[in-house]
Amino acid sequence: MEMVTIPQVAEDVFLAAHGTTPVYAMPTGREIAKSEQIIAYVKEILAGTKEEY
C-alpha cells in the first residue's frame, strides 16, 4: 500500500511486476485514506470483488 497523488504510479508498479503479482489501485487524490477505508478496500480484494489494475 502506498499513498500517492499521481495515478500513474499504479501503472508503473503494474509494469514492474510483469504479471507476477496482482496490482490494485486505490486512488485518493490528495486525501489521506482513513484506516477504515483501507480495511474495507482490502476486504473487497480478498472477497474477489475488486478488479486488478
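Shown above is the structure to which this text applies.
We now turn to the structure provided with this report. (Residues numbered from 1 in each chain as written. Predicted model: local features only at pLDDT ≥ 70, side-chain atom pairs only at ≥ 80, totals over all residues. Heavy atoms only, no water.)

Now for the overall build of the protein chain. When its secondary structure is counted, the protein chain shows two helices and zero strands. Looking at the protein chain as a whole, 9% of its 53 residues qualify as buried. Across the protein chain, contacts joining residues at least 24 apart in sequence account for 56% of those joining residues at least 6 apart. Approximately 4,400 Å² of the protein chain is accessible, and the part contributed by carbon and sulfur atoms is 57%. (Helix = DSSP H or I, 4+ residues; strand = E, 2+ residues; numbered from the N terminus. Buried < 20%, exposed > 50% of the residue type's maximum accessible area, 1.4 Å probe, protein only. Contact = heavy atoms within 4.5 Å. Areas by Shrake-Rupley, 256 points an atom, 1.4 Å probe, with all protein chains shown as cover.)

What follows is about the pattern of salt bridges. Tallying each qualifying case throughout the model produces one salt bridge. Across the pair K50 and E44 runs a salt bridge whose closest N-O atoms are separated by 3.5 Å. According to the relative accessible area criterion, E44 is partly exposed, its value standing at 31%. (Salt bridge = Lys/Arg side-chain N within 4 Å of Asp/Glu carboxyl O.)

With that settled, consider the environment of T20. Residue position: T20 is located in the loop between α1 (8-17) and α2 (35-47). Reaching out from T20, the side chain makes a polar contact with the backbone oxygen of A17 at a distance of 2.6 Å. (Polar contact = N/O pair within 3.5 Å; in protein donor to acceptor, adjacent residues only side chain to side chain.)

So, about unusual backbone geometry. Outside of glycine, negative phi angles account for most residues, and trans bonds account for most peptide bonds. Even without being a glycine, H18 presents a positive backbone phi close to 50°. You can see H18 is positioned in the loop between α1 and α2. Overall, H18 belongs to the exposed group, its relative accessible area being 68%.

Within the fold, Q8 resides in helix α1. With relative accessibility at 49%, the residue Q8 sits in the partly exposed group. Put simply, Q8 and A25 are 17 residues apart on the chain and 9.9 Å apart in space, counted from C-alpha to C-alpha.

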